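Commentary on secondary and tertiary structure
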Amino acid sequence: MLHTGKNFFDQEEVFNTYWRQRGRELSANAVLEEPVIEELIGPVQGLALLDLGCGNGQYGAELLGRGAKSFFGVDAAQKMLEQAQERLHGTEATLVRGTFEEIDLPAESFDLALSRLALHYVEDICSVFAKVAKSLVKGGRFVLSVEHPLLTSSLDQEITGPRGSMVVDDYFVSGPREIEWLGGRVQKFHHTLEEYFLALQGAGFQVEMLRESKPKRELFPTEEEFLRRSRIPLFLFLVGRKS
Ligand SMILES: C[S@@+](CC[C@H](N)C(=O)[O-])C[C@H]1O[C@@H](n2cnc3c(N)ncnc32)[C@H](O)[C@@H]1O
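Let us look at the structure shown here. Just so it is clear, the structure is predicted and the values come from calculations on it, not from any experiment.

As a structural note, the neighbourhood of the ligand is formed by 20 residues, with Y18, R22, G53, D75 and R116 the closest of them. In the environment of the ligand, an oxygen atom lies 2.5 Å from a nitrogen or oxygen atom belonging to the side chain of R22. The contact in question runs from a nitrogen atom of the ligand to an N or O atom on the backbone of G53, over 2.7 Å. In isolation the ligand exposes 600 Å². Once the protein is present, 97% of that is buried. Tallying contributions element by element places helix α1 (residues 12-22) first for the shell around the ligand, with three residues. Tallied by class, residues from the shell around the ligand come to ten nonpolar, five polar and five charged.

Structure follows, in structure tokens:
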């Protein structure tokens with residue numbers, strides 16, 4: 001059965017497999033996504049934070065532990081929110097179950113909005129980005145990571161063998177894609193790199209930074225693993241500042 005990002009992670013097997021894989025020492029999240037997100041976010045002391053796709057609140061707890069003033073997390077998955085509520089109980093966190101598309105966010109309330117690996121489940125990124133812009137104070141930043149558009153263009157392919165190749169196809173055909181993942185079938189949305197960039201600009205952001213998940217040798221225990229991860233870009237990062 002096909003799920004969307006809004007209900008995919010509430011399936012028991014998907015939820016458990018996601019956190020098992022995400023927690024591995026050398027997961028792509030740990031060695032390719034998190035290091036760049038950390039660089040882009042910088043110090044959070046005293047900042048009011050918004051997180052679209054806050055998951056189980058693990059990152060929110062870390063950021064509050066580093067002195068963030070408050071944390072407002074949004075996620076559609078009940079299972080994610082339950083764990084987040086437990087973890088963040090008694091802190092300056094507000095957690096809301098809802099979809100990015102439907103939720104109302106408080107106006108001009110956040111210094112920094114972030115979203116990690118959640119916005120490639122969204123069809124209409126322009127209206128979600130506009131909503132984020134409204135929720136930020138003037139000069140506030142939006143830091144996001146998504147699956148790289150070179151990957152989302154032709155999602156459902158198996159790369160076999162050590163030098164197996166990935167096909168990039170239908171790159172300029174943005175829209176829904178389906179993939180078997182984590183024991184379920186999910187719909188993601190492919191947007192080109194230019195579309196992410198223009199959607200940020202169109203929502204009133206000045207695009208300050210674009211990064212890809214270029215591997216850093218020191219984060220890999222072996223040359224082989226480093227070279228394997230040097231072949232295909234997995235993640236795209238953008239930073240916008242509300243002007
Ligand atoms: C891949 S997980 C990432 C979770 C967390 N940010 C992390 O890095 O571990 C994507 C999250 O986005 C949420 N999500 C996906 N599409 C959504 C939507 N349209 N509205 C609200 N939440 C959504 C899912 O429930 C899930 O928790």
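Here the focus is the packing of helix α5 (residues 125-135) against helix α7 (residues 193-202). Describing two packed helices takes the angle between their axes plus the distance from one axis to the other. Remark: α5 packs on α7, axes separated minimally by 9 Å, with the N-to-C direction vectors making an angle of 40 degrees. What the angle tells us is that α5 and α7 run oblique. The element α5 and its partner α7 pack so that their crossing is right-handed. In contact with I125, C126 and F129 of α5, α7 contributes E195, Y196, A199 and L200.

About the criteria used
Residues numbered from 1 in each chain as written. Predicted model: local features only at pLDDT ≥ 70, side-chain atom pairs only at ≥ 80, totals over all residues. Heavy atoms only, no water. Near = heavy atom within 4 Å. Polar contact = N/O pair within 3.5 Å; in protein donor to acceptor, adjacent residues only side chain to side chain. Areas by Shrake-Rupley, 256 points an atom, 1.4 Å probe, with all protein chains shown as cover. Helix = DSSP H or I, 4+ residues; strand = E, 2+ residues; numbered from the N terminus. Nonpolar A, V, L, I, M, F, W, Y, C, P; charged D, E, K, R; others polar. Axes fitted to C-alpha atoms, helices over the stretch in contact; angles between N-to-C directions. Parallel < 35°, antiparallel > 145°, perpendicular 65-115°, else oblique. Left-handed = near helix turned anticlockwise from the far one by under 90°. Contact = heavy atoms within 4.5 Å.

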